Amino acid sequence: MSVLKQKRTTSKAEFINTANQIYVETLNFLTRLSARYSRLIAEPVAKLAGEIIDHAEKANSIFPSDNQRIEMRKAHLEARASLMALDVRLTHVYLILNQNPEGAFTTSKGNPVKSQDAMEKLDKMAQNLGELIDKENELLKGAIKNVTAKQK
């Protein structure tokens with residue numbers, strides 16, 4: 001039986017699910033960029049999004065049963081550093097694309113998306129990813145706090 005939504009609590013491993021959402025949303029956005037922007041922007045941004053997942057998975061796979069494992073887990077919670085770097089990179093992507101929104105997106109047929117539609121897509125992407133990044137930041141800070149508390 002399912003728990004009522006208002007009575008649910010956040011899982012301590014929710015940072016993994018959110019990291020996966022960030023990765024999927026980032027790639028979804030990057031794959032819609034025109035070839036002109038994609039060549040310059042896509043690879044390093046996608047790599048940062050991938051680092052977040054990698055570190056989150058590694059941190060979660062280490063059970064903090066002793067001080068050595070606690071330190072190992074804390075080291076992999078550097079996913080937060082990758083998250084902050086991704087946030088900066090996505091801000092740069094937003095600023096660059098905002099200068100010429102018409103050239104930012106293409107349709108499935110390869111035609112450029114109109115300026116107004118491109119601005120709406122860009123704003124929606126920034127909003128969605130911004131909310132996910134904020135959520136992941138809070139979850140990772142909580143995970144770091146929990147690991148640090150176990151160490152004491």
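Residues numbered from 1 in each chain as written. Predicted model: local features only at pLDDT ≥ 70, side-chain atom pairs only at ≥ 80, totals over all residues. Heavy atoms only, no water.

S.K.: How should the overall build of the protein be read in this particular structure?
M.R.: Counting secondary structure elements, the protein contains 5 helices and 0 strands. For the protein, the α and β elements follow one another from N to C terminus as α-α-α-α-α. Viewed in the frame of its principal axes, the protein has a C-alpha envelope of about 55 × 35 × 20 Å. Buried positions account for 35% of the 152 residues belonging to the protein. Contacts spanning at least 24 positions in sequence make up 72% of the contacts within the protein whose residues lie at least 6 apart. When the accessible surface of the protein is summed, it comes to about 9500 Å², and 51% of that surface belongs to carbon and sulfur atoms. Counting 23 positive and 18 negative side-chain charges, the protein places the averaged centre of each group 4 Å from the other. (Helix = DSSP H or I, 4+ residues; strand = E, 2+ residues; numbered from the N terminus. Buried < 20%, exposed > 50% of the residue type's maximum accessible area, 1.4 Å probe, protein only. Contact = heavy atoms within 4.5 Å. Areas by Shrake-Rupley, 256 points an atom, 1.4 Å probe, with all protein chains shown as cover. Lys, Arg positive; Asp, Glu negative; His and termini not counted. Charge placed at Lys NZ, Arg CZ, Asp CG, Glu CD.)

S.K.: Just checking my understanding: could you explain helix H4 (residues 79-99) for this structure?
M.R.: Owing to its 3.6 residues per turn, the α-helix brings residues three or four apart onto one side. Under the 1.5 Å per step criterion, the end-to-end length of H4 is 30 Å for 21 residues, consistent within 8% with the ideal 30 Å. Listing the buried residues of H4 in full gives Ala 79, Ser 82, Leu 83, Leu 86, Leu 90, Val 93 and Leu 97. The buried residues of H4 occupy an angular sector of 95° when the element is viewed end-on, so they sit on one face. Among the exposed residues of H4, those oriented more than 90 degrees off its buried face are Ala 81 and Gln 99. (Expected span 1.5 Å × (residues − 1). Arc of directions from axis to C-beta.)

S.K.: Sorry if this is basic, but what is going on with the nonpolar core here?
M.R.: Side chains of nonpolar character tend, in soluble globular proteins, to be buried together. Core analysis: the biggest nonpolar cluster contains 39 residues, and Phe 15, Phe 29, Leu 30, Leu 86 and Leu 97 have the highest contact counts within it. Here the element with the most residues in this core is helix H2 (residues 35-61); it accounts for 11 residues. (Core = buried A, V, L, I, M, F, W, Y, C linked by side-chain atoms within 4.5 Å.)

S.K.: Help me understand the packing of helix H1 (residues 14-30) against H4 in this model?
M.R.: In helix packing, the relevant descriptors are the interaxial angle and the interaxial distance, both defined with respect to the helix axes. For the pair H1 and H4, the least separation of the axes is 13 Å and the interaxial angle reads 25°. Taken as axis vectors, H1 and H4 run roughly parallel relative to one another. The way H1 lies across H4 gives a crossing that is left-handed. Together, Ile 22, Thr 26 and Phe 29 of H1 and Leu 83, Leu 86, Leu 90, Val 93 and Leu 97 of H4 make up the contact between the two elements. (Axes fitted to C-alpha atoms, helices over the stretch in contact; angles between N-to-C directions. Parallel < 35°, antiparallel > 145°, perpendicular 65-115°, else oblique. Left-handed = near helix turned anticlockwise from the far one by under 90°.)

S.K.: Would you explain the packing of H1 against H2 in this entry?
M.R.: Interhelical geometry of H1 versus H2 gives an angle of 170° and a closest axis separation of 9 Å. Of the possible angle classes, the one that applies to H1 and H2 is roughly antiparallel. Pair H1 / H2 crosses with left-handed handedness. Seen from H1, the contacting residues are Phe 15, Ile 16, Ala 19, Asn 20, Tyr 23, Thr 26, Leu 27 and Leu 30; seen from H2, they are Ser 38, Ile 41, Ala 42, Val 45, Ala 46, Ala 49, Gly 50, Ile 52, Ile 53, Ala 56, Glu 57 and Asn 60. Taken together, the residues of the contact of H1 with H2 sort by class into 14 nonpolar, 5 polar and 1 charged. (Nonpolar A, V, L, I, M, F, W, Y, C, P; charged D, E, K, R; others polar.)

S.K.: For this particular structure, what's the right way to read the pattern of salt bridges?
M.R.: When their charged atoms lie close together, side chains carrying opposite charge are able to pair. Scanning the model with the defined rule gives 2 salt bridges in all. Here Glu 14 ties to Lys 135 by a salt bridge, and the two come within 3.7 Å at their closest N and O atoms. Pair noted here: Glu 14 is in helix H1 and Lys 135 is in helix H5 (residues 115-151), with a separation of 121 residues, a long-range link. Note that Glu 138 is salt-bridged to Lys 141, the shortest N-O span being 3.2 Å. With Glu 138 and Lys 141 both in helix H5, this residue pair falls 3 residues apart, about one helical turn. (Salt bridge = Lys/Arg side-chain N within 4 Å of Asp/Glu carboxyl O.)

S.K.: Explanation requested: H2 in the structure shown.
M.R.: Over its 27 residues, H2 runs 38 Å from end to end, which matches the ideal 39 Å to within 8%, given 1.5 Å per residue. Helix geometry: H2 is bent most strongly at Ile 41, by close to 45°, with proline Pro 44 lying one to four residues after it. (Bend = angle between axes of the 7 residues up to and from the residue.)

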